[in-house]
Number of protein chains: 2
Amino acid sequence: QDPNEVPPPPPVVHYRMNNVTTSSQPIENRESVLILTPLAKFYSQYWDNLLALSYPHDLISLGFIIPKGREGNEATRQLQDRITKTQAPSNKKHRFASITILRQDDEPPTAQSESERHALSHQKVRRAAMSRARNSLLFTTLGPTTSWVLWLDADVIETPPSLIQDLASHDKPIIVPNCMQRYWNKDKGAEDVRPYDFNSWQDSPTALGLAEKMGPDEILLEGYAEMATYRSLMAYMGEPTGDAKKIVDLDGVGGTALLVKAEVHRDGAMFPPFPFYHLIETEGFAKMARRLGWKSFGLPNFYVYHYNE
Amino acid sequence: QDPNEVPPPPPVVHYRMNNVTTSSQPIENRESVLILTPLAKFYSQYWDNLLALSYPHDLISLGFIIPKGREGNEATRQLQDRITKTQAPSNKKHRFASITILRQDDEPPTAQSESERHALSHQKVRRAAMSRARNSLLFTTLGPTTSWVLWLDADVIETPPSLIQDLASHDKPIIVPNCMQRYWNKDKGAEDVRPYDFNSWQDSPTALGLAEKMGPDEILLEGYAEMATYRSLMAYMGEPTGDAKKIVDLDGVGGTALLVKAEVHRDGAMFPPFPFYHLIETEGFAKMARRLGWKSFGLPNFYVYHYNE
Ligand SMILES: Nc1nc2c(ncn2[C@@H]2O[C@H](COP(=O)(O)OP(=O)(O)O)[C@@H](O)[C@H]2O)c(=O)[nH]1
Ligand SMILES: Nc1nc2c(ncn2[C@@H]2O[C@H](COP(=O)(O)OP(=O)(O)O)[C@@H](O)[C@H]2O)c(=O)[nH]1
Ligand SMILES: [Mn+2]
Ligand SMILES: [Mn+2]
């Protein structure tokens, strides 16, 4: 390159927000999807499922946020290994539009075993940290041309290839599948399935009453016997031969897999790390979106599966 | 270009968040600044001031959000005229790193004359719309390498060239200068200066008491006789020969000119279009940032000036 050559002027880019559609026909309308994953541990089945997505990969961007420290370094290395293969020039047909990896400033606040994470006493601090990680990822990767954001946890290891189209086909601002977990049922002596994510729910008078009596910094948590909310949990709404398209209203949502119209986030809906109507993280997000005029929905018979440690 | 040539692989970008510093020495540390402006009407003095900023322009990105409609079209045209000259390849030394212009889906909710806008009855709807515009701009332009966000209204037409360095030198999460307005003082028969932005304040027991008695959807507004809050307004804290470096704590901030560490936004601090502790927009932002652990500060003797219609 000629050192005296005048470089091209820096970019000035115009975007008309009404050209960024979100519709039930996202492929036909060439709608961009941003898949966002907070990632503390890498599972190869997660990546296999991303690769198997039938949504056009040139319309998909990926964003990851990974904690500092030894575990985060290991997860980054494993992720980078798979990325190098997927994004190779020779893999033109299957590679993704772009990939962003953020390395956090901090390590996870609590140990990462399933039972430790889920201890009630750890939830507030852990979910506040998760909220900040999700917000950092969201605020720095969402672009003016993104139509949809798919939140997908790194330990969701079974999803259908048509996940994006299936969820988008309902054309809802916020929609969430039912996240289950496979396990060995000792009593039956057989493989079985149980609910995993209890954050997708319809509110109850009991929960609202509990919230009303709480101090400003207290939060409601779901799935703890110590705190019976009597909410209707989507986790228990699945029917053995139910219609996968069956849809229900929700007041709280989980984030293991969660499709959001980008304009919901653009309006300001984020993951509150502080109690917001006594809710935090993804449940607080659903409430905040509601305050902005956007409703949440769930698909009780549409399943994705969480890893079992 | 050879049509058979394999294009380069799509970008995979790694960012270490702890490399993105925000310090009192932003130039020496090559810290990126994103200047964000909601723009309904274009003033050439606004652009003149941007051009006169002594902060290295290659570290400055600009983002605009402009409403739909005839007025928005006109503002876009005027802005684009100035951009074309500023970003010309021949203007290498002064041009900015990048410029993003978002055109909104909607028109402003109320008429745009100063007195109409400021009518108490219009404030809630107008400031909710402003919040959504600010959020859209923020969520889509903030990048992983941004260190600082400078919010600057399009009708702030007098600012010092060292604005960014001066504000950043205090190394505070959120800092706001005192926004005044020049006017013709009939009594004195002379040019004079009066306070313009009443949104930068320290809370008062009266305001907190009013808020406590409010319904969940009511908001507190500042600068209205109908609603005496007895807050300490920074607008009235300026001293004729006061030190420009004098700094005060604030509980609410205005957005005419406002410097924010990018990590405050990344943590999730946005402009609530809904009542948040009975506050909205920039005042709600300060409260939300506080809930996230970030404090706001003001410079009562450091002045910027708002246009006078
Ligand atoms: N960036 C980041 N990701 C995390 C952190 N802790 C957990 N994760 C990831 O966030 C998602 C949800 O966390 P997880 O611990 O599985 O939550 P649970 O399944 O609800 O108990 C998973 O993809 C984790 O790998 C963290 O501190 N930082
Ligand atoms: N994008 C956008 N900008 C707006 C809208 N209304 C006002 N603005 C701009 O937002 C800033 C603040 O609005 P302004 O009406 O001046 O507020 P005030 O000075 O507090 O009365 C100014 O830069 C306006 O040009 C709107 O509906 N959309
Ligand atoms: Mn998990
Ligand atoms: Mn103004």
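Residues numbered from 1 in each chain as written. Chains lettered and ligands numbered in written order. Predicted model: local features only at pLDDT ≥ 70, side-chain atom pairs only at ≥ 80, totals over all residues. Heavy atoms only, no water.

Asks: I'd like a rundown of the pairing of strand 13 (residues 296–306) of chain B, residues and numbers included.
Replies: Residue and element names in this part refer to chain B. Of all 11 residues making up strand 13, 10 are buried, and the element is well covered by its neighbours. Pairing between strand 6 (residues 156–158) and strand 13: two bridges, direction antiparallel. By the bridge assignment, glutamate 158 is partnered in strand 13 with tyrosine 305. In this structure, strand 7 (residues 174–185) lies alongside strand 13, joined through eight bridges in parallel fashion. Looking at strand 13, one finds that methionine 180 is bridged to tyrosine 305. Direction of pairing for strand 11 (residues 248–250) relative to strand 13: antiparallel, over a ladder of three bridges. The partner of valine 248 across the bridge, within strand 13, is glycine 298. (Buried < 20%, exposed > 50% of the residue type's maximum accessible area, 1.4 Å probe, protein only. Helix = DSSP H or I, 4+ residues; strand = E, 2+ residues; numbered from the N terminus. Pairing = 2+ DSSP bridges.)

Asks: Talk me through the packing of aromatic side chains; I want residue IDs and the actual numbers.
Replies: Evaluation of the coordinates by the stated rule reveals 22 aromatic pairs over all chains. Ring centres 6.2 Å apart and planes at 80° place the aromatic pair Trp47(B) and Phe96(B) in the edge-to-face group. You can see Trp47(B) sitting in helix 1 (residues 44–52) and its partner Phe96(B) sitting in the loop between helix 2 (70–86) and strand 4 (98–103), a full 49 residues away along the chain. In this pair, the class of Trp47(B) matches that of Phe96(B), namely buried. Centroid distance Tyr303(B) to Tyr305(B): 6.4 Å. Interplanar angle 40°. Geometry classified as tilted. Three or more aromatic residues link up through ring pairs in this structure, and these residues are Phe274(A), Phe276(A), Tyr277(A), Phe274(B), Phe276(B) and Tyr277(B). Against the face of Tyr305(A) rests Arg182(A), its NZ or CZ located 4.0 Å from the ring centre. Its guanidinium or amino end placed over the ring of Tyr277(A), Lys287(A) lies 4.6 Å from that ring's centre, counting from NZ or CZ. (Phe/Tyr/Trp six-rings, centres within 6.5 Å; stacked < 30°, edge-to-face > 60°. Lys NZ or Arg CZ within 6 Å of the ring centre and 35° of its normal.)

Asks: If you had to explain the site of ligand 1 to someone new, which residues and values would you point to?
Replies: All names here are of chain A. In the neighbourhood of ligand 1, 19 residues make up the surrounding shell, with Pro38, Arg117, His118, Asp155 and Tyr196 lying closest. Coverage of ligand 1 by the protein chains reaches 91% of its 560 Å² of free accessible surface. Of all the secondary structure elements, the ones that give two or more residues to the shell around ligand 1 are strand 3 (60–66), helix 3 (114–118) and helix 4 (120–141). The residue inventory of the shell around ligand 1, partitioned by class, reads 10 nonpolar, four polar and five charged. (Near = heavy atom within 4 Å. Areas by Shrake-Rupley, 256 points an atom, 1.4 Å probe, with all protein chains shown as cover. Nonpolar A, V, L, I, M, F, W, Y, C, P; charged D, E, K, R; others polar.)

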